[in-house]
Amino acid sequence: MTYLTLSITLIFVVIPLILSKTLNLGLEKDTIIATLRSIVQLLAVGFILKFVFDSESLLYIFLMVTLMIAAATHNAQKKGAAIKGITWKIAVTLVFVEVLTQSILLGFKITPPTAQYIISISGMVIGNSMVLSILFLNRFTSEVEAHQDQTELILSLGGTPKQAIHKQLIQSIKASMIPTIESQKTVGLVQLPGMMSGQIIAGADPIQAVQFQLLIMFLLLTTAAVTSVLLGFLSYPTLFNQRMQFLKN
Amino acid sequence: MAIEYKPAIHFKHVDYSIGNLTILKDITGSFPAGKITTLVGPSGAGKTTLLKLCNGLLSPDSGDIYINGTSIQQYEPVELRRTVGIALQSAPMIDGSVYDNLALPLALKNEKLDESWAFSLLEDVGLGKELLKRNVKDLSGGQRQKVSIARTLVNRPEILLLDEITSSLDRTSLKEIEELIVKINQKYKTAIVWITHNLQQALEIGDFTWVMMEGEVVETGESELLEDPHNEKVQVFVKGEVG
């Protein structure tokens, strides 16, 4: 695609701007900011990726993945501000998920150890793990809040913190995993995944595109499960002190 | 009052606050072993907080609490909470049936509650056997409070703390629960501490009474003190409650 063709695609930005102006939605400023940011951010990433891919340097790959984890941690931690030490808990979770998935992919030689594969797949894994972290923290915070009485009851009867929070923890883990599982049930029927569509548009063999998409989907299942379980088990102890007392708020 | 009785719970200069808000101030005194002590006083006097300190759901900021002569800090939290049982005011329930709730204290120890024991617990608190399988969502407020009391008894606590457990009961149920508590006290010599707003109940059931106001214990003694309190604030409180 030429830059001229790309500039013509701005028609798709003009349409919502006209609608916003006509209907007094007040979204013109946000739409323009979003458009400018997406252009600048994606072009910058494009140039950085080209540089890293060309260099094939492990150091640059490491720095790139570290940057992704730091940005994802920063974004997700806002949702868990009530949980003590949430920043490092999210960081540990993201690092663990990244190391686990890349170890399997590279260890079994499923993908080659090149920047092109490591960075692209890491981006999907870390991004998905970040969204899962936000979903989990949102749900867990509200479950804990809504069931304070039951938590206190179980403690008062001689239950441990883990027993007192078990139901809320399991509900939150399940709730955060469900969107990933549900979206996989309808994939191909309702929507074609973005990555697969991108590969096909770029001229790849559809069967090969499907194979890669399946790999990514299975990878995201593990990402979803490990993220929510690990983050859950790292988070709940901070709701209690050493005397097994529930620290409300 | 406690001089001639061995204390089940003894407070030594206990303070408790939340942020800058003082909830309990320099509490010193004892709840006698084998006796029923009632806690009375206006809302916000710190009565519920005092009970939660005894069960280990909260810890004092300063001072110490002794349970059967041993500092509360020496107890493992789980052991403490099974020794000092508490029936909470809101009678919280876990989702499920009455049986699930009665079985909860044992389930937390990976033990199972026999159905015959469950039936006898229901009978003790004046509930019919047919309620055992009923979902707790379908219980009335009074029935929930009765289930809550029965559930607390499953751990066979040496000391029983009751936080306004009869507040939503009708007169017949109230009498049944009062008789049950007296029976437990007499049969097992369980020390009982009972928060109540019902001064008549405190007089009839309690051996001793603590009157609390604004985080302090303002008068203690045999329950008859409620008929003729020395403290002026208590006189006003008693008149207001009775009137």
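About the cut-offs
- Residues numbered from 1 in each chain as written.
- Chains lettered and ligands numbered in written order.
- Predicted model: local features only at pLDDT ≥ 70, side-chain atom pairs only at ≥ 80, totals over all residues.
- Helix = DSSP H or I, 4+ residues; strand = E, 2+ residues; numbered from the N terminus.
- Buried ≥ 20, exposed ≤ 12 C-beta atoms within 10 Å, placed from the backbone.
- Core = buried A, V, L, I, M, F, W, Y, C linked by C-beta atoms within 7 Å.
- Contact = placed C-beta atoms within 7 Å.
- Pairing = 2+ DSSP bridges.
- Domains from an automatic or database assignment.
- Nonpolar A, V, L, I, M, F, W, Y, C, P; charged D, E, K, R; others polar.
- UniProt positions renumbered as here; feature names shortened; annotations may be inferred.
- Expected span 1.5 Å × (residues − 1).

Engineer: Any chance you could explain unusual backbone geometry here in plain terms?
Structural biologist: Of all residues except glycine, most have a negative phi; of all peptide bonds, most are trans. Phi at Lys109(A) is positive, roughly 55°, even though this residue is not glycine. Topologically, Lys109(A) is positioned in the loop between α5 (86-107) and α6 (115-146). Classification of Lys109(A) as exposed rests on a count of 8 C-beta atoms within 10 Å. At Asn68(B), a position not held by glycine, the phi torsion is positive, near 50°. Tracing the backbone shows Asn68(B) in the loop between β4 (62-67) and β5 (70-71).

Engineer: What should I look at first to understand the nonpolar core in this one?
Structural biologist: One broad trend across soluble globular proteins is that nonpolar side chains are buried collectively. Residues Leu39(B), Cys54(B), Ile65(B), Leu161(B), Leu162(B) and Ile192(B) are the most contacted members of the largest nonpolar core, which totals 105 residues. Residues in contact with Leu39(B), not counting those within four places in the same chain, are Lys47(B), Leu50(B), Val193(B), Trp194(B), Ile195(B), Trp210(B) and Met212(B).

Engineer: What is the right way to look at the sheet that holds β4(B) in this model?
Structural biologist: Strand-to-strand pairing in sheets goes through backbone hydrogen bonds, with the strands running parallel or antiparallel. All names here are of chain B. The 4 strands are arranged β2-β1-β4-β5 in an open sheet whose pairing can be described as antiparallel. Here the strands that pair on one side only, and so sit at the sheet edges, are β2 (21-32) and β5. For strand β1 (residues 7-18) and β4, the ladder comprises 5 bridges, and the chain directions are antiparallel. Across the sheet, residue Ile 9 finds its bridge partner in β4, namely Ile 67.

Engineer: For this particular structure, what's the right way to read the environment of Val40(B)?
Structural biologist: Turning to its location among the elements, Val40(B) is positioned in strand β3 (residues 36-40). Between the alpha carbons of Val40(B) and Gly69(B) there is a distance of 25 Å; along the sequence they are 29 residues apart.

Engineer: What exactly am I supposed to notice about the domain arrangement of chain A here?
Structural biologist: It is common to give the size of an interface as the accessible area that goes away when the parts come together. Residue and element names in this part refer to chain A. The assigned domain composition of chain A is domain 1 (1-55) and domain 2 (56-239). Between domain 1 and domain 2, the C-alpha centre-to-centre distance is 28 Å. Of the residues lining the interface, 4 residues belong to domain 1; the matching set on domain 2 comes to 8 residues. Looking at the side of domain 1 that touches domain 2 residue by residue, the classes come out as 3 nonpolar, 1 polar and no charged.

Engineer: How do you make sense of the UniProt feature "transmembrane region" (unreviewed entry) in chain A when you look at a structure like this?
Structural biologist: Sites flagged by UniProt as "transmembrane region" (unreviewed entry) map to residues 6-27, 34-53, 59-76, 88-108, 114-137 and 214-236 of chain A. Segment residues 114-137 of chain A splits into 96% helix and 0% strand. End C-alpha atoms: 34 Å apart.

Engineer: I'm lost on the environment of Lys6(B) in this one. Help?
Structural biologist: Tracing the chain through its elements places Lys6(B) in the segment before β1. For the pair Lys6(B) and Ile23(B), spaced 17 residues apart in sequence, the C-alpha separation works out to 27 Å.

Engineer: I would appreciate a short explanation of helix α4 (residues 58-77) of chain A in the present structure.
Structural biologist: Owing to its 3.6 residues per turn, the α-helix brings residues three or four apart onto one side. All names here are of chain A. Taking 1.5 Å of rise per residue, 20 residues should cover 28 Å, and α4 covers 28 Å from first to last C-alpha, within 8% of that figure. Buried residues of α4: Ile 61, Met 64, Val 65, Ile 69, Ala 72, Thr 73, Ala 76 and Gln 77, and no others. Where the residues of α4 are buried, they touch α3 (28-55), α5 and α6.

Engineer: When you look at the pairing of strand β10 (residues 216-222) of chain B in this model, what are you seeing that I'm missing?
Structural biologist: On a regular strand, one side chain projects to one face of the sheet and the next to the other, so that they alternate. Relative to β10(B), strand β9 (residues 208-213) of chain B runs antiparallel, the two sharing 6 bridges. Across the sheet, Thr209(B) pairs through a bridge with Gly221(B), a residue of β10(B).

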